[in-house]
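Examination of the molecular architecture
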Amino acid sequence: MSEKKPFSLPVVGEVDRRTTLKAGAATLGLAAWAAALKPMVEWASSLDRDEFFQKHYRELTREQLQVILHKLTFEARKETGKPVTVKDHKPIPGVVFAYALNLSICIGCRKCAEACHVENNHDRPSNQSYIRVFEMQKGGIDFEKGNTTYDRPVPGKDKYYMPVQCQQCENPPCVSACPIEATWQESDGIVVVDYNWCIGCRYCEAACPYHARRFNWTKPEVPPDEVNPNQSYLSNRIRPQGVMEKCTFCLHRTREGRMPACLEACPTGARVFGNILDPDSEIRWVLENKRVFVLKEELGTKPRFYYFFDK
Amino acid sequence: MSTTPLPALSYLRFLRQSLHVATEGGWVFYTWMFVLTAVALVGANAWAVQVRDGMIRTNMTDHVSWGLYIANFTFCVGLAAGGVMMVIPAYLYDDHEMHDVVIIGELLAIAAIVMSTLSVVVDLGRPDRFWHMIPGIGKFNWPISMLTWDIIVLNGYLLINLHVVGYLLYMRFLGRKPNPIWYIPFVYLSIFWAISIHTVTAFLYCGLGGRPFWNTALLAPRFLASAFVSGPAFILLVMRVVRLGSDLPIQPGPSRLLVQIIRVAAAINLLMLFSELFTLFYAGGSHLASAKYLFFGDHGKYGLVPWIWSAVVLNLVGTVLFFTPAAIQRSKTRLVACLCVIVGIWIEKGMGLIIPGFIPSTLHEVVEYSPSLTEWKVTAGIWAFGLLILTAMLRVAVAVFTDEMKLTEATELTPATEMP
């Protein structure tokens with residue numbers, strides 16, 4: 001390359017003067033680019049080599065996954081000083097989860113949203129939660145008249161309340177949207193995200209008709225003493241910066257036979273959760289005996305989250 | 001031919017001379033390149049900070065999860081597709097004057113594709129995981145995800161154009177007649193491919209059932225119509241710069257043809273826009289919410305109203321100016337008309353199309369968005385970088401076509417290494 005020609009400044013020949021100047025400009029230019037990209041170098045040094053080369057969750061062998069879980073557990077313990085364990089909860093064969101919510105008795109207290117916030121180690125400053133509660137005008141199901149920022153004693157006059165979270169669609173548009181299979185549906189119907197695989201393009205967030213997905217605009221902040229130590233790889237472990245996350249029906253609880261945190265927190269018993277393949281389950285009873293409906297049925301997403309009125 | 005060295009060597013010479021020519025010029029050229037580099041550096045720095053601190057540096061939220069970056073991406077794809085409006089007359093209709101300058105359209109396509117790719121890269125939360133998108137090594141959700149289609153068509157279009165341009169320039173540099181087998185099939189392929197890049201990009205949006213504002217079959221045709229306005233308009237500007245700034249002879253014919261193409265495409269674009277708006281506003285209902293917010297504001301929020309009315313006025317004024325007889329001549333009117341439609345379509349397809357898809361949100365919450373300083377810096381940086389490579393490529397192309405850069409001259413430039 002012409003820039004690389006040897007040059008001696010005091011006796012620059014006629015032909016080489018331009019080349020010398022160009023070489024100088026190129027050097028300065030490169031230095032300027034290096035300086036401009038310096039913040040990226042700081043960030044890159046915080047990255048983990050093993051994580052960079054980590055394969056997709058579903059391609060990991062049992063041993064590889066164990067190593068990763070150990071590492072995540074170790075790091076979380078070091079950071080929080082709490083006895084954190086990051087496990088991997090697999091779906092239970094013969095189980096498909098569904099949720100139902102009784103709109104007649106929901107009072108809009110947002111205890112479910114708060115429980116989600118705590119249970120799932122959500123970012124504290126943004127008060128993140130997978131649940132949005134809409135205060136709705138009686139006389140219709142019109143979200144245009146809904147309001148999520150109500151701030152007064154509940155229940156309000158002529159109002160009813162509609163908590164909305166991931167509908168765990170049987171036909172999820174977010175999964176089709178993802179260009180790299182970082183999100184998929186598991187055999188129990190729960191749609192999960194591999195936080196170590198997602199590139200953060202947010203196409204799934206645009207595709208979701210229920211505003212159920214959340215992006216980590218920054219590194220989530222949770223004070224160490226508030227961290228929920230019972231964590232799972234695909235659900236509530238503290239998420240990395242720049243990736244998507246979503247409600248997982250608390251799979252770290254429900255795949256152990258417990259109820260989701262939002263259900264346990266509900267003071268009125270408006271929430272019903274269970275295995276729809278079990279004919280004796282409460283959720284089956286609700287689906288068989290109540291006139292249930294789903295949100296945006298016309299889109300063909302087939303939600304597994306049902307709403308119903310008692311009276 | 002007896003003095004021709006090994007093909008590999010002559011290709012290296014071609015590259016070396018290209019580098020030489022691309023960094024050679026008068027003070028206007030150096031100032032222009034210096035300013036572009038400076039803006040690109042500001043953008044690169046803003047992006048680096050954004051990667052380190054997170055996308056919190058942007059004004060995007062979970063309500064409006066795509067912003068200026070994807071808006072600019074959409075426009076740049078259109079710009080790239082617009083170049084085909086020189087290729088079609090030049091090759092399908094054997095317009096010889098157009099044939100002489102068609103390379104300008106192809107170079108613009110290359111620069112525009114680079115800009116659209118960069119616009120997507122800066123929108124990623126985790127650019128370090130870029131390799132997850134590489135087929136074979138990563139996990140490529142093809143054919144299900146429309147985004148994978150877009151990755152394929154954009155990269156394909158880039159490669160096709162790089163090949164055609166590179167081959168023709170190199171042959172001219174060697175002083176040989178290009179072999180049609182090596183480029184004509186790719187030229188025809190590029191015509192289909194140009195249509196596909198903007199169609200697939202429209203499918204990214206209109207394929208989403210949950211976003212009624214985008215979920216219309218008219219989106220892809222509208223994208224193409226507006227691309228065939230903004231692309232040729234940009235080419236007209238570039239041709240003027242090349243004509244004034246170099247010795248490359250440019251006949252008035254190709255520009256006239258481009259103005260004719262713009263006239264038709266602009267009229268079709270406005271007709272389709274009107275058709276879309278009629279359907280939305282006359283039928284009403286929930287589909288109207290975004291359009292209402294966009295044009296008139298909603299729930300006391302008016303963030304996009306100034307944007308879209310600027311776009312409407314610019315597009316109308318630009319279209320009317322293109323229909324005046326003065327636009328056929330090399331005139332100020334034509335210049336103003338080009339600027340009007342370029343800015344107008346940049347807004348219409350960007351801030352006027354991407355943002356209202358998110359406002360109101362899918363659950364009808366109205367959360368507004370306006371780009372942050374970081375987003376403006378990064379976007380300006382992408383444009384500067386795009387114009388930088390466009391200028392450098394044009395410099396080389398002009399040098400080759402005016403025979404300033406030829407294989408025979410290589411001996412004069414590098415006497416020490418090359419012996420006949």
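Keep in mind that what you see is a predicted model, and the values were worked out from it rather than measured.

1. Focus: the overall build of chain B
Counting its secondary structure elements, chain B contains 14 helices and 0 strands. Across chain B, helices and strands are ordered from the amino to the carboxyl terminus as α-α-α-α-α-α-α-α-α-α-α-α-α-α. Its C-alpha radius of gyration of 23 Å places chain B within 12% of the 22 Å reference for a compact globule of 420 residues. For the C-alpha atoms alone, the extent of chain B along its principal axes is close to 75 × 55 × 40 Å. Out of the 420 residues in chain B, the part that is buried amounts to 59%. Excluding contacts between residues fewer than 6 apart, the proportion of contacts in chain B whose partners are at least 24 apart in sequence is 76%.

2. Here's the deal with helix α8 (residues 219-245) of chain B
Along an α-helix, residues three or four apart share an orientation, since each turn contains 3.6 residues. Counted at 1.5 Å a residue, the expected span for α8 of chain B with its 27 residues is 39 Å, and the 38 Å between its end C-alpha atoms agrees. Among the 27 residues in α8 of chain B, 22 count as buried, and that is most of the element.

3. Things to note about the domain arrangement of chain A
Taken domain by domain, chain A consists of domain 1 (2-41) and domain 2 (97-308). Placing a centre on the C-alpha atoms of domain 1 of chain A and another on those of domain 2 of chain A gives a separation of 57 Å.

4. Examining the pattern of salt bridges
Across all of its chains, the model carries 32 salt bridges over all chains by this definition. Between E119 of chain A and R253 of chain A there is a salt bridge; the shortest N-O distance is 3.0 Å. In this pair, E119 of chain A is assigned in helix α5 (residues 111-119) and R253 of chain A in helix α8 (residues 251-254), connecting sequence segments 134 residues apart. According to the relative accessible area criterion, R253 of chain A is buried, its value standing at 6%. In this structure, K145 of chain A and D142 of chain A form a salt bridge, with 3.8 Å as the shortest nitrogen-oxygen distance. On the accessibility criterion, D142 of chain A (31% relative accessible area) is partly exposed. It is possible to trace a salt-bridge network through shared partners that takes in E42 of chain A together with R52, D53 and R57 of chain B.

5. Some points on helix α2 (residues 38-45) of chain A
All names here are of chain A. Looking only at α2, the buried set comprises P39, M40 and W43. For α2, the angular spread of the buried residues around the axis is 100°, confining them to a single face. Opposite the packed face of α2, turned more than 90 degrees from it, sit the exposed residues K38, V41 and S45.

6. Some words on the packing of aromatic side chains
Inspection of the entire model under this criterion finds 43 aromatic pairs over all chains. Here F97 of chain A and F273 of chain A contribute two aromatic rings whose centre-to-centre distance is 5.0 Å and whose plane-to-plane angle is 25°, an arrangement assigned as stacked. Of this pair, F97 of chain A sits in strand β2 (residues 97-102) while F273 of chain A sits in strand β10 (residues 271-275); the two residues are 176 residues apart in sequence, bridging distant segments of the chain. Here the two residues F97 of chain A and F273 of chain A agree in accessibility, since each one is buried. With a centroid separation of 5.3 Å and 55° between ring planes, the pair formed by F14 of chain B and Y170 of chain B is classed as tilted. You can see F14 of chain B sitting in helix α1 (residues 7-22) and its partner Y170 of chain B sitting in helix α6 (residues 146-174), a full 156 residues away along the chain. For the pair formed by F14 of chain B and Y170 of chain B, the shared burial category is buried.

7. Description of the state of the cysteines
Cysteine pairs can be linked by a disulfide, which is a covalent bond between their two sulfur atoms. In total, this model carries 0 disulfides over all chains according to the counting rule given. C166 of chain A supplies the cysteine sulfur nearest to C169 of chain A, a cysteine that is in no disulfide, at a spacing of 6.3 Å. Between C338 of chain B, a free cysteine, and C340 of chain B, which holds the nearest cysteine sulfur, the sulfur-to-sulfur gap is 9.4 Å.

8. Some points on unusual backbone geometry
P155 of chain A follows V154 of chain A through a cis peptide bond whose omega is -10°. Of note, P155 of chain A is situated in the loop between β3 (132-137) and β4 (159-164). Of note, the amide linkage connecting I359 of chain B to P360 of chain B takes the cis form, showing an omega dihedral of -5°. Relative to the assigned elements, P360 of chain B resides in the loop between α12 (332-349) and α13 (373-401). Even without being a glycine, R110 of chain A presents a positive backbone phi close to 65°. For R110 of chain A, the location among the structural elements is in the loop between β2 and α5. The phi dihedral of N127 of chain A falls on the positive side, at around 55°, and the residue is not glycine. With respect to the secondary-structure elements, N127 of chain A resides in the loop between α5 and β3.

9. Some remarks on the environment of W131 of chain B
When you line up the elements, W131 of chain B lands in the loop between α5 (96-121) and α6. Here W131 of chain B falls in the buried class, since its relative accessible area comes to 16%. Sequence separation between W131 of chain B and I328 of chain B is 197 residues; the distance between their C-alpha atoms is 48 Å. Every residue in contact with W131 of chain B, bar those within four places of it in the chain, is listed here: F52, F53, Q54 and W197 of chain A together with I137 and G138 of chain B.

10. Some words on the pairing of β2 of chain A
Residue and element names in this part refer to chain A. By the criterion of burial, β2 is predominantly enclosed, with 6 of the 6 residues buried. Neither face of β2 is left uncovered, since the one carrying F97, Y99 and L101 and the one carrying A98, A100 and N102 both have all their residues buried. Pairing analysis gives 4 bridges linking β2 to strand β12 (residues 305-308), with the strands arranged parallel. Paired with A100 across the strands is Y306, a residue of β12.

11. Brief notes about the packing of helix α4 (residues 84-92) of chain B against helix α9 (residues 252-283) of chain B
Residues and elements named next belong to chain B. At a minimum axis separation of 11 Å, α4 and α9 run at an interaxial angle of 120°. In terms of their interaxial angle, α4 and α9 are classed as oblique. For α4 against α9, the interelement crossing comes out right-handed. When α4 is examined against α9, the residues M85, M86 and P89 are found in contact with a partner set consisting of L257, L258 and I261. For the contact of α4 with α9, the class distribution of residues is 6 nonpolar, no polar and no charged.

12. Here's the deal with the side chain of E365 of chain B
Looking at the secondary structure, you find E365 of chain B in the loop between α12 and α13. Owing to a relative accessible area of 10%, E365 of chain B belongs among the buried residues under this scheme. A distance of 2.7 Å separates the side chain of E365 of chain B from the side chain of T148 of chain A, its partner in a polar contact. Once you skip the residues sitting within four places of it in the chain, E365 of chain B turns out to touch R132, F134, T148 and H211 of chain A together with H63 and P360 of chain B.

13. So, the packing of α5 of chain B against α9 of chain B
Any two packed helices are characterised by the angle at which their axes cross and by the distance between the axes. All names here are of chain B. Running from N to C, α5 and α9 point in directions that differ by 85°, and their axes come no closer than 8 Å. For the element pair α5 / α9, the angle class is roughly perpendicular. In contact with E97, M98 and V101 of α5, α9 contributes G253, P254, L257 and L258.

14. Side note on the sheet that holds β2 of chain A
Residue and element names in this part refer to chain A. The mixed open sheet is built from 4 strands, whose spatial order is β10-β2-β12-β11. Two strands in the sheet have a free side with no partner beyond their single neighbour: β10 and β11 (292-293). Bridge analysis of β11 against β12 gives 2 bridges, and the strand direction is antiparallel. By the bridge assignment for β12, F293 is matched with Y307.

Parameters and conventions
- Residues numbered from 1 in each chain as written.
- Chains lettered and ligands numbered in written order.
- Predicted model: local features only at pLDDT ≥ 70, side-chain atom pairs only at ≥ 80, totals over all residues.
- Heavy atoms only, no water.
- Helix = DSSP H or I, 4+ residues; strand = E, 2+ residues; numbered from the N terminus.
- Rg over C-alpha atoms; globule rule 2.2 N^0.38 Å.
- Buried < 20%, exposed > 50% of the residue type's maximum accessible area, 1.4 Å probe, protein only.
- Contact = heavy atoms within 4.5 Å.
- Expected span 1.5 Å × (residues − 1).
- Domains from an automatic or database assignment.
- Salt bridge = Lys/Arg side-chain N within 4 Å of Asp/Glu carboxyl O.
- Arc of directions from axis to C-beta.
- Phe/Tyr/Trp six-rings, centres within 6.5 Å; stacked < 30°, edge-to-face > 60°.
- Disulfide = S-S within 2.5 Å.
- Pairing = 2+ DSSP bridges.
- Axes fitted to C-alpha atoms, helices over the stretch in contact; angles between N-to-C directions.
- Parallel < 35°, antiparallel > 145°, perpendicular 65-115°, else oblique.
- Left-handed = near helix turned anticlockwise from the far one by under 90°.
- Nonpolar A, V, L, I, M, F, W, Y, C, P; charged D, E, K, R; others polar.
- Polar contact = N/O pair within 3.5 Å; in protein donor to acceptor, adjacent residues only side chain to side chain.

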